[in-house]
Amino acid sequence: MELILWRHADAEDGEPDRLRELTPLGHKQAAHLADWLNVRLPEHCRILVSPATRTQQTADKLERDYDVVEQVGPGADPHAVLHAAHWPHAQGAVLVVGHQPTLGRLASKLLFGRAHDIDFPRGAVWWFEQRDPHDDYTLCLKAVMTPDMTLK
C-alpha cells in the first residue's frame, strides 16, 4: 500500500476556519504539486480530502474525483486518518489531503512509531509505501516534495 500525505497549500487567515480559501500563492503551489503528483499517482488512486475549503481547492488542482471525509478534517486524530485510509491493508494508493498538525504527527508515527509534532510545510507531499502490511520493516519513505522544489 502507498499512503501519500498532502498538506493544503498556502491559505488566507480568518474565521470560520473551515471556510478559509487558498491565497494566490496557494493556488500556484497546489497547481505545481498537482502536476508533480499527476504523473506519479496510479490511475485508480483513492483520494480522501478534508471538508475544509482550502483542502478541496488544493485537491481540485488534480482534476480527479475525490471523497470528502470528516476523519481527515482540521484537528483530526492521526489514527482516524489511518483508519479512513485503511492503512496498511488497503490495496493500491491512497492520497490524503489534510492539515497540520495532524499530517506531521501521522508522518512521525509512521517513521518513528510515535506521534510527535514535526513540521509539515504548507503544500508539501510525503509519500510512504508499506510493502508488507505485516512487517514494519518494509515501510519506505519514497518521496518528500515541497512547493519550493517545484516553483520556478
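No experiment lies behind these values; they were computed from the predicted model shown.

Draft legend 1. Representation of the layout of surface pockets within the structure. Reported here for the largest pocket is a volume of approximately 240 Å³. Leu82, Trp87, Pro88, Lys109, Leu110, Leu111, Phe112, Gly113, Gln130, Pro133, Asp136 and Leu139 together form the lining of the largest pocket. With 4 residues, the top contributor of residues to the lining of the largest pocket is helix H4 (residues 102–112). Here the lining of the largest pocket is composed, by residue class, of 8 nonpolar, 2 polar and 2 charged.

Draft legend 2. The arrangement of the side chain of Thr58 in detail. Its place among the elements puts Thr58 in helix H2 (residues 53–60). Separated by 3.2 Å, the side chain of Thr58 and the backbone nitrogen of Ala9 make a polar contact. Reaching out from Thr58, the side chain makes a polar contact with the backbone oxygen of Arg54 at a distance of 2.8 Å. Contact partners of Thr58, with chain neighbours within four places excluded, come to Trp6, His8, Ala9, Leu22, Ala30 and Val97.

Draft legend 3. Region of interest: the environment of Lys109. As for its placement among the helices and strands, Lys109 is situated in helix H4. With 30 residues separating them in the primary sequence, Lys109 and His79 have C-alpha atoms 9.3 Å apart. Those residues in contact with Lys109 that lie beyond four places of it in its chain are His79, Leu82, Arg114 and Ala115.

Draft legend 4. Quick look at helix H1 (residues 24–38). The end-to-end C-alpha distance of H1, which contains 15 residues, comes to 21 Å, matching closely the 21 Å that a straight helix rising 1.5 Å per residue would cover. Along H1, the residues that are buried comprise Gly26, Gln29, Ala30, Leu33, Ala34, Trp36 and Leu37. Looking straight down H1, one finds that the buried residues subtend no more than 160° of arc, so they occupy a single side. Opposite the buried face of H1, at more than 90 degrees from it, the exposed residues are Pro24 and Asp35. On its buried face, H1 is in contact with strand E1 (2–7), H2, strand E5 (125–130), strand E6 (139–145) and helix H5 (147–150).

Draft legend 5. Expanded view of the state of the cysteines. Summed over all chains, the structure comprises 0 disulfides. Cysteine Cys45 remains unbridged, with the sulfur of Cys140 as its closest cysteine sulfur at 17 Å. Among the residues examined, Cys45 registers a relative accessible area of 10% and is labelled buried.

Draft legend 6. Seen up close, the packing of aromatic side chains. Summed over all chains, the structure comprises 3 aromatic pairs. Judged by centre distance (5.1 Å) and plane angle (20°), the rings of Phe120 and Trp126 are stacked. Since its relative accessible area comes to 0%, Phe120 is described here as buried. Relative to Phe128, the ring of Trp126 lies with its centre 6.4 Å away and its plane at 35°, an arrangement referred to as tilted. No difference in accessibility class separates Trp126 from Phe128, as the two residues are buried. Taken together through their ring pairs, the aromatic side chains of Phe120, Trp126 and Phe128 make up a single cluster.

Draft legend 7. Main features of H4. Those residues of H4 lying buried are Thr102, Leu103, Gly104, Leu106, Ala107, Ser108 and Leu110. Lining the buried residues of H4 we find E1, helix H3 (78–85), strand E4 (93–98), E5 and E6. Remark: Gly113 follows H4 within two positions and exhibits a positive phi of approximately 85°.

Draft legend 8. Seen up close, the sheet that holds E1. Reading across from one edge, E3-E2-E4-E1-E5-E6 is the order of the 6 strands in this open sheet, with mixed pairing throughout. Single-partner strands in this sheet number two, and they are strand E3 (67–68) and E6. Of the pairings in the sheet, the one linking E1 to E4 comprises 6 bridges and is parallel in character. Paired with Glu2 across the two strands is Ala93, which belongs to E4. Each of E1, strand E2 (46–49), E3 and E4 touches H2; the most contacted strand, E4, lies at about 135° to it. This element, H4, spans E1, E4, E5 and E6 of the sheet and lies at about 150° to E1.

Analysis parameters
- Residues numbered from 1 in each chain as written.
- Predicted model: local features only at pLDDT ≥ 70, side-chain atom pairs only at ≥ 80, totals over all residues.
- Heavy atoms only, no water.
- 1 Å grid on protein atoms, 1.4 Å probe; cavity = no way out; pocket = protein on both sides within 12 Å on 5 of 7 lines; lining within 4 Å.
- Points joined across faces, edges and corners; volume = space filled by probe spheres on them.
- Helix = DSSP H or I, 4+ residues; strand = E, 2+ residues; numbered from the N terminus.
- Nonpolar A, V, L, I, M, F, W, Y, C, P; charged D, E, K, R; others polar.
- Polar contact = N/O pair within 3.5 Å; in protein donor to acceptor, adjacent residues only side chain to side chain.
- Contact = heavy atoms within 4.5 Å.
- Expected span 1.5 Å × (residues − 1).
- Buried < 20%, exposed > 50% of the residue type's maximum accessible area, 1.4 Å probe, protein only.
- Arc of directions from axis to C-beta.
- Disulfide = S-S within 2.5 Å.
- Phe/Tyr/Trp six-rings, centres within 6.5 Å; stacked < 30°, edge-to-face > 60°.
- Pairing = 2+ DSSP bridges.
- Axes fitted to C-alpha atoms, helices over the stretch in contact; angles between N-to-C directions.

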